[in-house]
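Inside the fold
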Amino acid sequence: AEDLDSLSGRQHLSTVYREAGDFKKSIEIATEIIEHDGQNIGAKLNLAFCSSQLGDSVRAERMIKEVQADNPDNFSCKLHLCLIYIYTCKYGKAKERLEKLIKANPNNVGVKLNLAHCLGLMGKSDRAIRIINDVLADNPDDFSAKLLLAITYRESGNYESAISILKSVMKINPSHIN
């Protein structure tokens, strides 16, 4: 029988595979974890996220809603559902839920940036840019915020601003630009 340390290690391995983009391997490991511990929220969230990335949004949504039913106040579940909505182009649902998360967690930079990303995808670049600039006002060196701002400017057709921001980002952290 696997002990908690081994399951925890497997959970981290599943997450690393997910973050590296090897969704099939992450699903394989998450499935093994769930077979040993049917209540493992992290494994279920990894499974849901990877399923959405592989085009199985029905499975992903079902997994998240199962976890939410048992853990209605779990922030990570709520955020993962929003991300799945974004990845499956259900921007209206994602926006609505992200706005609720921001009301409950007004200082969460990650949620704000996810909302800005969602708004940008919806063509609401002005609002997205305002949110990103608000984040940068409090966190002027936030690499993710600057990169998202450049992307949002690019997608709205403001190439000069996008180029300017990308040049400044490359000066701050050239290792992120390949």
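Each remark here, short or long, concerns the structure printed above.
Quick notes on the rules
- Every chain begins its residue count from 1, and numbering advances along the sequence as written.
- The predicted nature of this model means local features are confined to residues of pLDDT at least 70 and side-chain atom pairs, given and counted, to a pLDDT of 80 or more, with totals for whole chains, interfaces and linings taken over all residues.
- Working from all heavy atoms in the structure, the side-chain values ignore hydrogens and water.
- The helix and strand labels rest on DSSP assignments: H or I over at least four residues marks a helix, E over at least two residues marks a strand, and numbering proceeds from the N terminus.
- Partly exposed describes any residue whose relative accessible area lies between the buried limit of under 20% and the exposed limit of over 50%, with all areas from a 1.4 Å probe on protein chains only and scaled to the type maximum.
- Two cysteine sulfurs form a disulfide in these notes if their separation is within 2.5 Å.
- Within this scheme, the nonpolar core is defined by two criteria: the residues are buried Ala, Val, Leu, Ile, Met, Phe, Trp, Tyr or Cys, and they are joined through side-chain atoms within 4.5 Å.
- In this analysis, the expected span of each helix is defined as 1.5 Å times one less than the number of residues it contains.
- Think of a polar contact as two N or O atoms within 3.5 Å of one another; within protein, one of them needs to be a possible hydrogen donor and the other a possible acceptor, and neighboring residues in sequence only count if both atoms come from side chains.
- Between Lys or Arg on one side and Asp or Glu on the other, a salt bridge is scored when a side-chain nitrogen of the former is within 4 Å of a carboxyl oxygen of the latter.
- Axis lines are fitted to C-alpha atoms, over the contacting stretch for helices. Their N-to-C directions set the angle, which ranges from 0 to 180 degrees.
- Orientation categories follow fixed angle ranges, with anything under 35 degrees roughly parallel, anything over 145 roughly antiparallel, 65 to 115 roughly perpendicular, and all other angles oblique.
- By definition, any crossing whose near helix is turned counterclockwise from its far helix by less than a right angle is left-handed, and any crossing with a clockwise turn is right-handed.
- Note on contacts: a residue pair is in contact if any heavy atoms of the two residues lie within 4.5 Å.
- Here the term charged refers only to Asp, Glu, Lys and Arg, the term nonpolar to Ala, Val, Leu, Ile, Met, Phe, Trp, Tyr, Cys and Pro, and the term polar to all other amino acids, Gly among them.
- Paired rings are identified among Phe, Tyr and Trp, the last through its six-membered ring, by centres lying within 6.5 Å, and are further divided according to the angle between planes into stacked (under 30 degrees), edge-to-face (over 60) and tilted (the rest).

**Here's the deal with unusual backbone geometry**
Here the phi dihedral of C89 falls at roughly 65°; this positive angle occurs in a residue that is not glycine. Relative to the helices and strands, C89 is located in the loop between α5 (75-87) and α6 (91-104). Given the relative accessible area of 52%, C89 is considered exposed.

**Considering the state of the cysteines**
With the rule as written, the count across this model stands at zero disulfides. Free cysteine C77: the closest other cysteine sulfur is in C82, separated by 11 Å. Unpaired in terms of disulfides, C82 finds its nearest cysteine sulfur in C118, a separation of 8.4 Å.

**Considering the nonpolar core**
Ranked by internal contacts, the top residues of the largest apolar core, which has 49 residues, are L98, I132 and L149. The leading source of residues in this core is α5, at eight residues.

**So, helix α9 (residues 143-155)**
Its 13 residues place the ends of α9 18 Å apart at the C-alpha level, agreeing with the 18 Å of an ideal helix rising 1.5 Å per residue. For α9, the set of buried residues is F143, A145, K146, L148, L149, A150, T152 and Y153. The N-capping residue of α9, defined by a side-chain oxygen 3.0 Å from the backbone nitrogen of S144, is D142. Looking one or two places after α9, you find G157, whose phi comes out positive at around 90°.

**Digging into the side chain of S26**
With respect to the helices, strands and loops of the structure, S26 is situated in helix α2 (residues 23-36). Classification of S26 by relative accessible area gives buried; the value is 0%.

**Considering the pattern of salt bridges**
On inspection of all chains with the given rule, the structure shows ten salt bridges. R18 serves as the salt-bridge partner of E19, at 3.6 Å between the closest nitrogen and oxygen. The closest approach of N and O atoms between E99 and K95, which form a salt bridge, is 3.3 Å. Residue E99 and its partner K95 are both found in helix α6; the two are separated by four residues, about one turn of the helix. Residue classification places K95 among the buried residues on the basis of a relative accessible area of 18%. In this structure, a network of salt bridges that share partners links the residues E61, K65 and K90.

**Digging into the packing of α6 against helix α7 (residues 109-121)**
For the pair α6 and α7, interaxial distance at closest approach is 9 Å and the crossing angle is 155°. Considering their axes alone, α6 and α7 lie roughly antiparallel with respect to each other. Handedness of the α6/α7 crossing: left-handed. Taking contact as the criterion, the partners of Y91, A94, K95, L98, E99, L101 and I102 in α6 are, on α7, V111, K112, N114, L115, C118, L119 and L121. A per-class count over the contact of α6 with α7 returns ten nonpolar, one polar and three charged.

**Remarks on the packing of aromatic side chains**
Between two aromatic rings, the relevant description is the distance of the centres plus the angle of the planes. According to the stated counting rule, one finds two aromatic pairs in the structure shown. When the ring of F23 is compared with that of F49, the centres are 6.5 Å apart and the planes differ by 65°; the resulting orientation is edge-to-face. Remark: F49 occurs in helix α3 (residues 41-53) and F23 occurs in helix α2; sequence separation between them is 26 residues. Taking the relative accessible area as the measure of exposure, F23 reaches 17% and is therefore buried. Exposure remark for F49: the relative accessible area of 11% places this residue in the buried category. Considering the side-chain rings of F49 and Y87, the 5.4 Å spacing of their centres and the 80° angle between planes classify their relative orientation as edge-to-face. With F49 in helix α3 and Y87 in helix α5, this pair connects stretches of sequence that are 38 residues apart. Assessed through its relative accessible area of 39%, Y87 is described here as partly exposed. Aromatic ring contacts, followed pair by pair, group F23, F49 and Y87 into a single cluster.

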